[in-house]
Amino acid sequence: MGSFLAGIVADFAQHWPLYVSIPIVAALIGYGTKLVAIRMMFQPVEFIGIKPFFGWQGIVPKRAARMASIACDTMTEQLIKPAEVVARLDAGRIAREIEKPLLAGVEDIVREVAGHYQPGLWESLPVRVQQLVIERVQHESPRMVAAVLDLIKSDVDSVFDLKGMVVTSLVKDKRLLNRIFQEAGAQEFKFIARSGLVFGGAIGVIQMIAWILFKFPLIMPVFGLFTGWFTDWLALRMIFFPIEPKRYFGVEWQGLFLKRRKEVAEAYGELIAKEIITPHNVIEAILHGPLSDRVLALIQRQLDAELGRVARPLVVFAVGSRKYQDMKLSIASQIMNRLPETMRYIEDYATDAMDIRNVLVTKMKELSPHEFERLLRPAFEQDEWILIATGAVLGFAVGEAQVLLLEHLAS
């Protein structure tokens, strides 16, 4: 026994730089496999290779529709409702803000529509009569917009699909979806990479001892596989579990993502308010989204009510009842087409009034740990086995290379 130990000590003294490299390489395996795993989550944004099996697409972009839907479910069910998005907007204030650009647009619309449906008659009308029609539409337009906005606010769910808007935005822009997970979990991804160094190095020390004692070639790839697999699995567990704080050997531990709720809420709220639930996107979704036909109907109804008191008898007499309906639809459609550009004048006001960022941050801080965990967990949950398996395969391959290197240097 003494001679065996003496031989081991002598061997270590002679080849110690080689043996010390084993835990160093194991630490690098742990670190490298984490970097690869994180990159595989988000890159490439589009599939590269030969579909369907030979190639790769980042897990988050690949599951964009599902992940966007999950994130939006949490957002719309627990953080913010469609009514909250528009409830703080004052219809009268908006009408005043857009009055000037709206008036200029209305004159163009009336002249264009009238010239199209009854060019000879419109041009033959006295200028004063033409101006009367234009002024009447101009006069009623701000009030009409305010009335339509009030109608929208009274039943916002019928004209505004918040979930559809968010999911469409994220599926269309997969890089933005990546950013949500990357920015919300920035510290967690750093922890995953750095933990690979620590856990990999610790396993590498055991690996070094096993190699010194037995010098069995399969030790290195098996330990490499175990290092890649275990460090990936453990890092993911430490991020999300336990959901509630627990004590282990006298030390309190809670999943890093859950422990960092305040910072995550700030980053998440900022990004959503700046990139997704913006006044511009909300207006576009209402005016040109899947429910926009209902908004058009509201504008037509309001246009008929406001314009009808003075101008309708004159116009119906001039062009006929059917053409009047067509003209009314055409005016309403053109008003809708121009409203996004007109509404650009209220974006600063709407940003302050809606205050989406603070609403989201406040609501997120009120979520229970179990609810909060669902914000980032979907990015890992379904396909995390792929990341862990990739780490294991890479670790095994590096372990094989280690054997060759050790045997070469030893000889």
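As shown above, the structure is provided for reference.
Please read all numbers here as calculations on a predicted model, not as lab measurements.

Undergrad: Outline the overall build of the protein chain, listing residues and values.
TA: Scanning the protein chain from N- to C-terminus turns up 22 helices and four strands. Across the 411 residues in the protein chain, those meeting the buried criterion constitute 49%. Total accessible area computed for the protein chain in this model is approximately 20400 Å², and 61% of it derives from carbon and sulfur atoms.

Undergrad: Which residues make up helix H8 (residues 162–172), and what values go with them?
TA: Those residues of H8 not exposed but buried are Leu162, Met165, Val166, Val167, Ser169 and Leu170. Of the surrounding elements, those touching the buried residues of H8 are helix H3 (64–79), helix H4 (82–87), helix H9 (174–184) and helix H14 (279–288).

Undergrad: Explain the packing of aromatic side chains to me, and be specific about the residues and the numbers.
TA: Tallied over the full model, the rule gives six aromatic pairs. Considering the side-chain rings of Phe42 and Phe189, the 5.4 Å spacing of their centres and the 90° angle between planes classify their relative orientation as edge-to-face. Of this pair, Phe42 sits in helix H1 (residues 2–42) while Phe189 sits in helix H10 (residues 186–214), and the two are 147 residues apart along the sequence. The burial state of Phe42 is the same as that of Phe189; both residues are buried.

Undergrad: Could you give me a rundown of a nonpolar patch on the surface, with the residues and numbers involved?
TA: A cluster of nonpolar side chains, Phe12, Trp16, Val20, Ile24, Leu28, Tyr31, Leu35, Leu197 and Val198, forms an exposed patch at the surface whose accessible area comes to about 790 Å². Sorting the residues of the nonpolar patch by element identifies H1 and H10 as the ones contributing at least two each. One can find Tyr31 in helix H1. In this structure Tyr31 comes out as partly exposed when scored by relative accessible area, which is 31%.

Undergrad: So what about the environment of Phe47? Which residues, and what values?
TA: With respect to the helices, strands and loops of the structure, Phe47 is situated in the loop between H1 and strand E1 (48–50). Take Phe47: its relative accessible area is 23%, and that puts it in the partly exposed class. Note: C-alpha distance between Phe47 and Lys62 (15 residues apart in sequence) is 8.0 Å.

Undergrad: Lay out the side chain of Arg260 with the relevant residues and their values.
TA: Its place among the elements puts Arg260 in the loop between helix H12 (256–259) and helix H13 (261–275). A relative accessible area of 15% places Arg260 in the buried class.

Undergrad: Which residues make up the nonpolar core, and what values go with them?
TA: Judged by nonpolar contacts, the single largest core of 84 residues is most densely connected at Met75, Ile80, Val85, Phe160, Val166, Tyr268 and Ile277. Tallying contributions element by element places H3 first for this core, with seven residues. Not counting chain neighbours up to four residues away, the residues in contact with Phe160 comprise Pro82, Val85, Met165, Val282, Ala285, Ile286 and Leu291. One finds Ile22, Met208, Ile219 and Met220 within the second-largest nonpolar core, a separate group that totals 12 residues.

Undergrad: Could you give an account of the packing of H3 against helix H19 (residues 356–365), with specific residues and numbers?
TA: Two numbers describe how H3 lies on H19: the axes approach to 10 Å, and their chain directions differ by 85°. Taken together, the axes of H3 and H19 are roughly perpendicular relative to one another. Between H3, through Met75, Gln78 and Leu79, and H19, the contact on the second element is made entirely by Val359, Leu360, Lys363 and Met364. For the contact of H3 with H19, the residue count by class is five nonpolar, one polar and one charged.

Undergrad: Could you give me a rundown of unusual backbone geometry, with the residues and numbers involved?
TA: Cis peptide bonds are those with omega within 30 degrees of zero, and the linkage from Gln43 to Pro44 qualifies with -10°. On the secondary structure map, Pro44 appears in the loop between H1 and E1. At Asp355, a position not held by glycine, the phi torsion is positive, near 50°. Residue classification places Asp355 among the partly exposed residues on the basis of a relative accessible area of 25%.

Undergrad: Could you give me a rundown of the packing of H10 against helix H11 (residues 219–240), with the residues and numbers involved?
TA: At a minimum axis distance of 8 Å, the contact between H10 and H11 shows a crossing angle of 150°. Between H10 and H11, the angle falls in the class roughly antiparallel. In this structure, H10 crosses over H11, and the sense of that crossing is right-handed. Here the contact of H10 with H11 is built from residues that sort into 18 nonpolar, six polar and one charged.

Criteria and cut-off values
- Residues numbered from 1 in each chain as written.
- Predicted model: local features only at pLDDT ≥ 70, side-chain atom pairs only at ≥ 80, totals over all residues.
- Heavy atoms only, no water.
- Helix = DSSP H or I, 4+ residues; strand = E, 2+ residues; numbered from the N terminus.
- Buried < 20%, exposed > 50% of the residue type's maximum accessible area, 1.4 Å probe, protein only.
- Areas by Shrake-Rupley, 256 points an atom, 1.4 Å probe, with all protein chains shown as cover.
- Contact = heavy atoms within 4.5 Å.
- Phe/Tyr/Trp six-rings, centres within 6.5 Å; stacked < 30°, edge-to-face > 60°.
- Patch = residues over 30% accessible without salt bridge, like charges linked within 9 Å, V, L, I, M, F, W, Y side chains within 5 Å.
- Salt bridge = Lys/Arg side-chain N within 4 Å of Asp/Glu carboxyl O.
- Core = buried A, V, L, I, M, F, W, Y, C linked by side-chain atoms within 4.5 Å.
- Axes fitted to C-alpha atoms, helices over the stretch in contact; angles between N-to-C directions.
- Parallel < 35°, antiparallel > 145°, perpendicular 65-115°, else oblique.
- Nonpolar A, V, L, I, M, F, W, Y, C, P; charged D, E, K, R; others polar.
- Left-handed = near helix turned anticlockwise from the far one by under 90°.

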